[in-house]
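Spelled out from the first residue to the last, the chains are:
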Amino acid sequence: MAAEIQPKPQTRTPVLLNKIEASQDVVNTAVIIPNEDGVISVSEDRTIRILLKRDSGQYWPSIYHTMPASCSCMSFNPETRRLSMGMENGTISVSDLYDQYFLFIIMMCVRSVSAHQGRVTVVLFVLEMEWILSTGQDKNFTWHCSESGTQLGLYRTTAWVSGLQFDVETRHAFVGDYSGQVTILKLELDSCSLVTTFKGHTGNVTALCWDPVQRVLFSGSSDHSIIMWDIGGRKGTAIELQGHNEKVQGLCYAPHTRQLISCSSDGGIVIWNMDVTRQETPEWLDSDSCQKCEQPFFWNFKQMWDSKKIGLRQHHCRKCGQAVCGKCSAKRSTIPVMGFEFEVRVCDSCHESITDDDRAPTATFHDSKHSIVYMHYEPTTGWLLTSGADKVVKLWDMTPVVS
């Protein structure tokens, strides 16, 4: 009697819906238009495009407009249909979009704001405050009145700012920069005060994402890591997530499912389950000898001389943080609850204590097949937009994996 063949379990993956290949240069920022089958993109080729899906299934420009300089960033408010674009020359261009028969046909420039002396790196429009927040390569963080264009305040940062988020309820601005630091500022109408700074990355901060409900800030970095800062818990908890092989390029949070979406320049898209109890990574301990076998490390000349032994190289166990030699930490293991989705170095005793349940993954990994430079998630449709270094914008249905 032939053995019954069991069907293989199907792996859920994002579904590629469409590819848009209209730009002549890299698309720095693009967003999905909620409740419309359309996309807005700004590019290094100085163009802004509003693309709508036609009956053929392809996206074609409803508006194609050339700006005075390269478009470096953008913020779109779907309620007011206000578009704020940051440019290479330091100017922020503010336009309103009007439609007829549900098709965008007019883009009316409201004003231009000379906000920075260099390239605008991030721009945010805050409807509730009627503010335009922006950062630039001139190391200035500014906020302007969106109605008059008047500068309301300025804060000088220590490095280029590459990430910016804002909490409307508390008026806190979260500023991530090239030094790897995250600064929290309390904004007033014409002034600001420094609340605190976080330093956890060894590379520059490349992306920030704020969840106002759980009051958690996520920061991504060129060091390939993501850190979850528990702001609301007031306990200083910082959870590290290691799941990328290249620099993190974008972060989006799906609050209805408590999942974090991250992407990196190697094309990887990772879906993190944040509805699990996670542990902080331990501080690395200092020692002059292995804390397991007591063999001296190579700088411990006295113990090397006394014991007539050659000094060893120091390593650290990722689970307990102890300083150990290579022989006492030869094994590797994943530790997903501590954010290590890839195998990392652990000491022998910790390796024995890690169970199969402890190794159960808390993230899924997917390949976008292009080097991602920007990402936008639209929760109303469950769609994800990725813009790549290949000048291609891809639209994904994420409902199979974000649910």
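Residues numbered from 1 in each chain as written. Predicted model: local features only at pLDDT ≥ 70, side-chain atom pairs only at ≥ 80, totals over all residues. Heavy atoms only, no water.

With respect to the pairing of strand β12 (residues 140-145)
Put simply, the rule is: Burial here depends on accessible area, computed with a 1.4 Å probe over protein chains only, as a share of the maximum for the residue type. Under 20% is buried, over 50% is exposed, and the range in between is partly exposed. We count a stretch as a helix when DSSP gives it H or I for four or more residues in a row; a strand needs E for two or more, and each element gets its number in order from the N terminus. DSSP calls a pair of strands paired once it identifies at least 2 bridges connecting them.
The element β12 is largely enclosed, with a buried count of six among its six residues. Pairing geometry for strand β11 (residues 131-136) and β12, over five bridges, is antiparallel. Bridging from a neighbouring strand, W131 pairs with C145 of β12. Linkage of β11 to β12, two consecutive antiparallel strands, is achieved through a turn of three residues, within which K139 is found at a positive phi near 70°. Direction of pairing for β12 relative to strand β13 (residues 151-156): antiparallel, over a ladder of five bridges. Following the sheet pairing, N140 is matched in β13 by R156.

Concerning the sheet that holds strand β10 (residues 120-126)
To keep it simple, the criterion reads: As a rule, the C-alpha atoms of each element are fitted with a line to give its axis, helices using only the stretch in contact, and angles between N-to-C directions run from 0 to 180 degrees.
Strand order in this open sheet of four strands is β10-β11-β12-β13, and the pairing throughout is antiparallel. Each of the sheet's edge strands pairs with one partner strand only, and the pair in question is β10 and β13. On average, each strand axis in the sheet is inclined to that of its neighbour by 15°, with strand direction left out of account.

Thoughts on the pattern of salt bridges
The cut-off we apply is this: By salt bridge we mean one thing: a side-chain nitrogen of Lys or Arg within 4 Å of a carboxyl oxygen of Asp or Glu.
Here the structure, examined in full by the defined rule, presents 13 salt bridges. Where R119 meets E88, a salt bridge forms, and the shortest distance between an N and an O atom there is 2.2 Å. Residue R119 is located in the loop between β9 (103-114) and β10, and its partner E88 is located in the loop between β7 (82-87) and β8 (91-100); the two are separated by 31 residues in the primary sequence. With its nearest N and O atoms 3.9 Å apart, the salt bridge here joins E169 to R215. Here R215 lies in the loop between β18 (205-211) and β19 (216-221) and E169 lies in the loop between β14 (161-167) and β15 (172-177), a separation of 46 residues in the sequence. Overall, the relative accessible area of 69% leaves E169 in the exposed class. Members of the salt-bridge network, linked through shared partners, are E44, E88 and R119.

Section: the UniProt feature "repeat: WD" (unreviewed entry) in the protein chain
Here is the rule we go by: UniProt positions are given in the numbering used here, feature names are shortened, and annotations may be inferred rather than shown by experiment.
Following the UniProt record, one finds the feature "repeat: WD" (unreviewed entry) at residues 198-231, 241-275 and 365-398. Each end of residues 241-275 is marked by a C-alpha atom, and these two atoms are 14 Å apart; helix forms 0% of the span and strand 60%. With 0% helix and 62% strand, residues 365-398 has its two end C-alpha atoms placed 13 Å apart.

Some thoughts on the sheet that holds strand β22 (residues 248-254)
Read from one edge of the open sheet, four strands run β22-β23-β24-β29, paired in antiparallel fashion. The two strands at the open ends of the sheet, each matched to only one other strand, are β22 and β29 (363-367). Strand-to-strand twist in this sheet, taken as the mean axis angle between neighbours without regard to direction, amounts to 15°. By the bridge criterion, six bridges tie β22 to strand β23 (residues 259-264) in an arrangement that is antiparallel. Its bridge partner being in β23, V248 is matched across the sheet by S264.

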